[in-house]
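# Overview (structure and organization)
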Amino acid sequence: MRVPPHQRTVLAAATVLVVLGVVAWAVDAFAGSWWPAPVTWVFAPAAAALGAVLCRRAATAFHASGTVSAYWRTSSLGMMTFAVAYLLRVVDAVSPADGLIWASVAVHVVGAGLMVWPLLRLPSTVATGAARAALWLDIGILMSATGVLIWCFTATWIIGAFTAGHVVIVAALVASGLGGVFFAARIALVGVEGFSRRSLYAIGVAGICGGAGVAACMLLPGGLRAGGLALLVPISSYVTGLAAHWQIVDAAAATPPAVRRRNYSLLPYGAVAAVDVMLVYTAARGTFDHLVIDSMAFLLTGLVIVRQVTALRANTALLHRIGDQKEHFRLLVQNATDIVTITEPDGTLRYASPAMMLVLGRDPDACAGTNLLAMVHPEDVPVVEQAHASIMDTAGASVRFAARLRHADGSWRWLELFSSNLLHEPSIAGRVSNARDITETREIQERLRYEAGHDPLTGLANRLLFTDRIDESVAAADQRRQVCVALIDLDDFKSVNDTLGHAVGDRLLVALAERMREAVRPTDLVARLGGDEFAFVFCGAPIAAVEDVLGRVDAALRVPIRVGEHVITTRASFGIAECRPGDDAGEVLRRADVAMYAAKADGGGRIRSYTAELDEQTNRQARLTAELRVALDTGQFRVVYQPIVSLPDGRIVSVEALVRWEHPERGLISPAEFIPVAEHNGLIVELGAWVLRTACAQTVTWRAELGDAAPQRVSVNVSARQLAEPGFVALVSSVLAWTGLGAHNLVVEVTETAVFGGGQAVRAVKDLHELGVLIALDDFGTGHSSLGLLRTVPVDMLKVDKSFVDTITMAGQHAVIATALIQVSHGLGLSAVAEGVETAEQAAELYRLGYRLAQGYHFGRPVAEPDFRGVRVAS
């Protein structure tokens, strides 16, 4: 903040007036009067008016406190009153008139009251009773000494001309003198909050000049009296204005308010010394008033004795308080849980509080003289040295840091230290540190930090930590250090939770997570993103190496796992994406997700790497998904039926219901294109339910219209996604009840892949079989452990895959397999249907091998209304 320029202008003008006033007084006093009397008094009202301006400015400058502002406002009013009083003196000097002098005196008294009143209201900084008593004793000593001095200077004058006028003058003299001394002493001995120190001193000087000085002038002869008043009045006004100016300047510079720099003052003792001098003077001269002087000296001696006794009692009380505080501090240090140490600049321990035994199990006395760094953990030594070095060059500087110190039992304890440089303090001359044990806090923080970045079930990294690691790895990736991300989704895990419960599912996830950890490299990060979705971050590994690692993971996941009484076999789909400079975690995860779903679309249990073509495929699938939804809502799907005939006569005994999509713009869309998409997005559930209802209803219609010529059964394909639905069996039951079709007239065809993982799919198949629905294994012989499924899945019919039929007329491996399959079906009492028969030769050979049911283009293509009365012979 800056002092306004006009402020200094006003002060400069006041200074010039005072200088001119002093020069005028000196010329008038020593060289005789060279000008009319009014000239001598002109400076007084002008100086008072400028002082009033400065006081007013101090009251409003820089957000002064209430006490300071009130003092300067009242002082400004008082100075203006003085200006009026002095102006009346000038008028009287120019044109004497009756009553002007007395009017000037009356206005002057009012001004004096206005100047005294704010001094009375100034708050004292003395708080205790003993301090107040000492203050009033000091003021009493000063005022008594002042009274003695006034007596000495006025006694002869009073005794020589004792009149009523003299009594008034003496009373005014004593009042002014003692008042000025009182307020000056109060300010000098105590100080006032909110005022700058030099401003207070100036106020005291102005009080003495305006009180005792002006009163003393009344004792001078007439001419000198007027000259003295003309001199002291401008000076007193100027000093008051100077005090206001200093208050403004110090407030602008943010100078601290006035405070006492010591707890005692020499003023009372100076006053006593002055009285002693007067006592010696009167004794030597033998003046008539020596008894008065002696009495006042006796009184002052008594006051000084009382003052000293008061001071001694205060000192004694202070010593007791200091002793109590020292004992209090000693007990605090000895019983505190924080360690307090004093060390040399080189780290040598000079003092340690008893808490060292509590926190570190070490005897503090035994540790004295050792270097504190010897206890610090090697990894934290640089931290401690850097922290201490940062405060060594600055007295009083402090630093806060944390480090591990060795406990006496060999463990490490985390301590938070607050060290201060007190080398400049003679009583300390060292570095003081407070150390607080934060081991438990750090452990909690570490646990919370771990929990924030790890999955609570498996202990693997969670999505947050995984994303951070990707960002870090991508930032450090370059052509020499490749970073790859892989996403893994367990195939058909939902069925585990649905059939065996979430407790079993959670235990399975924990076991699988441990296998993943063991299969990857130590530098690879394994994370669980949620549910049955896992992810990996591979740093410094090309795609080929990543595929090798994921191959090990895949092999580990396929090994059956025993969870309680259940043995569960799992498999997963993998998607790999390579990180490129500039990628963010979201983009990398998106590409890996695209690759993973491409692996699922390929049938699951596969590893796919991201390519740009997959994005195009994903876009096509997204469009196809939207169109599938419209097709379901607008009835674009059709059900067609392919005959299943008996051999060798070719009579239709049943039909297989197949779905076709007649797109209004693209025409007929192959099931191979839209069925995987429907399975991926879940629409297969709704579509399959519609096919089931339509096929069952159509079969009932045919049986009503055609009688014995109608097909005996209808086969409906059911996907793994449908079998995983908890309400699928109830749906089949409700459709049979709604259409009136018998359960034994419905064949549900499932693939080996759909039931290979067990769980809900197998449970649904068993429930359907118990309902009376026939179960057919479609594409038999192409899946995993086909023969093993016959022991766990209730099967009524095997549908031999077309791949074994294509070359059946040629001697070879497929013909042997086809023969083995019909033998297995006969041995287990199952029906066998040969799929994909396209020629009469194939039909004849199948019949020769023992097949009695066949299906294929040779017997009829899928159509809405097969010719049930026509007969297509096998040959």
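Above this text is the structure in question.
It should be emphasised that the depicted structure is a prediction, and the values quoted were computed from it without experimental measurement. (Residues numbered from 1 in each chain as written. Predicted model: local features only at pLDDT ≥ 70, side-chain atom pairs only at ≥ 80, totals over all residues. Heavy atoms only, no water.)

To continue, consider the sheet that holds strand β6 (residues 483-490). Strand order across the open sheet formed by five strands is β7-β8-β6-β11-β12, with mixed pairing between neighbours. Single-partner strands in this sheet number two, and they are β7 (525-530) and β12 (607-609). Taken over all neighbouring pairs, the strand axes of this sheet differ in orientation by 20° on average, direction set aside. With seven bridges connecting them, β6 and strand β8 (residues 533-539) associate as antiparallel partners. Bridge pairing links Val 483 to Cys 539 in β8. Seen against the sheet, helix α17 (residues 502-519) touches β6, β7 and β8 and runs at an angle of roughly 10° to β8. (Pairing = 2+ DSSP bridges. Helix = DSSP H or I, 4+ residues; strand = E, 2+ residues; numbered from the N terminus. Axes fitted to C-alpha atoms, helices over the stretch in contact; angles between N-to-C directions. Contact = heavy atoms within 4.5 Å.)

This next bit is on the nonpolar core. Residues Phe 637, Phe 674, Leu 723, Leu 746, Val 750, Val 755 and Tyr 851 are the most contacted members of the largest nonpolar core, which totals 76 residues. If one sorts the elements of this core by residue count, helix α22 (residues 683-706) sits on top with nine residues. Those residues in contact with Phe 637 that lie beyond four places of it in its chain are Leu 628, Ala 631, Leu 632, Val 659, Arg 660, Trp 661, Phe 674, Leu 687 and Trp 690. Residues Ala 52, Ala 59, Met 79 and Ala 243 belong to the second largest nonpolar core, which totals 36 residues. (Core = buried A, V, L, I, M, F, W, Y, C linked by side-chain atoms within 4.5 Å. Buried < 20%, exposed > 50% of the residue type's maximum accessible area, 1.4 Å probe, protein only.)

Applying the stated rule across the entire model yields six aromatic pairs. Each ring, one from Phe 536 and one from Phe 538, has its centre 5.6 Å from the other, and the planes form 15°; the classification is stacked. Considered together, Phe 536 and Phe 538 belong to a single accessibility category, that of buried residues. Seen from their ring centres, Phe 637 and Trp 661 are 5.5 Å apart, and the 35° between their planes marks the pair as tilted. Note that Phe 637 is positioned in strand β13 (residues 637-646) and Trp 661 in strand β14 (residues 652-663), a separation of 24 residues in sequence. (Phe/Tyr/Trp six-rings, centres within 6.5 Å; stacked < 30°, edge-to-face > 60°.)

In a structure, side chains of opposite charge can pair up when their charged atoms sit close to one another. The full count for this structure, using the stated rule, is 28 salt bridges. Among the ionic pairs, Arg 666 bridges to Glu 673, the shortest N-O distance being 3.1 Å. The class of Arg 666 is partly exposed, set by a relative accessible area of 41%. Residue Glu 673 is classed as partly exposed on the basis of its relative accessible area of 38%. Salt bridges sharing partners connect three or more residues here, namely Asp 489, Asp 491, Arg 571 and Lys 600. (Salt bridge = Lys/Arg side-chain N within 4 Å of Asp/Glu carboxyl O.)

Further remarks concern the pairing of strand β20 (residues 831-834). Relative to β20, strand β19 (residues 797-800) is paired through four bridges, and the arrangement is parallel. Among the inter-strand pairings, Lys 799 is bridged to a residue of β20, identified as Val 833. Alignment of β20 against strand β21 (residues 853-854), held across two bridges, turns out to be parallel. Looking across to β21, one finds that Val 833 is bridged to Leu 853. Read from β20 through helix α29 (residues 840-849) to β21, the crossover connection turns out right-handed. (Right-handed = clockwise from strand over helix to strand, strands pointing away.)

Another point: unusual backbone geometry. Following Leu 647, the chain continues to Pro 648 via a peptide bond in cis, the omega torsion being 10°. As for its position among the elements, Pro 648 is in the loop between β13 and β14. Phi angles above zero are rare outside glycine, and Ala 429 is one such case at about 50°. Inspection of the secondary structure assignment puts Ala 429 in the loop between β4 (412-422) and β5 (430-437). Ala 429 gets classed as partly exposed once you look at its relative accessible area, which sits at 34%.

Attention shifts here to empty space enclosed by the protein. Scanning the model with the defined rule gives two cavities of 30 Å³ or more in all. Taken together, Ile 339, Thr 341, Met 356, Leu 360, Leu 372, Leu 405, Leu 415, Leu 417, Ser 433 and Ala 435 make up the full set of residues lining the largest cavity. For the lining of the largest cavity, the secondary-structure elements that each account for two or more residues are β1 (339-343), α11 (355-360), β4 and β5. Per-class residue counts for the lining of the largest cavity are eight nonpolar, two polar and no charged. In this structure, the second largest cavity spans a volume of roughly 30 Å³. As for the second largest cavity, its lining consists of Tyr 597, Ala 601, Gln 621, Pro 676, Val 677 and His 680. Those elements that place two or more of their residues in the lining of the second largest cavity are α19 (585-601) and α21 (671-681). No other element matches α21, which puts three residues into the lining of the second largest cavity. Tallied by class, the residues present in the lining of the second largest cavity amount to four nonpolar, two polar and no charged. (1 Å grid on protein atoms, 1.4 Å probe; cavity = no way out; pocket = protein on both sides within 12 Å on 5 of 7 lines; lining within 4 Å. Points joined across faces, edges and corners; volume = space filled by probe spheres on them. Nonpolar A, V, L, I, M, F, W, Y, C, P; charged D, E, K, R; others polar.)

Positionally, Arg 571 belongs in the loop between β10 (566-568) and β11 (572-578). What makes Arg 571 buried here is its relative accessible area of 16%. C-alpha separation for the pair Arg 571 and Ala 555, spaced 16 residues apart in sequence, amounts to 8.7 Å.

Looking now at the sheet that holds β4. Overall, antiparallel pairing links the five strands, which are arranged β2-β1-β5-β4-β3 in an open sheet. In the strand order of this sheet, the two ends are held by β2 (349-352) and β3 (398-406), each with one partner. Across the sheet, the mean angle separating the axes of adjacent strands is 25° when strand polarity is ignored. Sheet topology places β1 next to β2; three bridges connect them, and they run antiparallel. When the bridges of β2 are listed, Ile 342 appears paired with Tyr 351. Where helix α13 (residues 381-389) meets the sheet, it contacts β3, β4 and β5, and its direction lies at approximately 155° from that of β3.

Function cannot be inferred from these measures alone, as they are strictly geometric.
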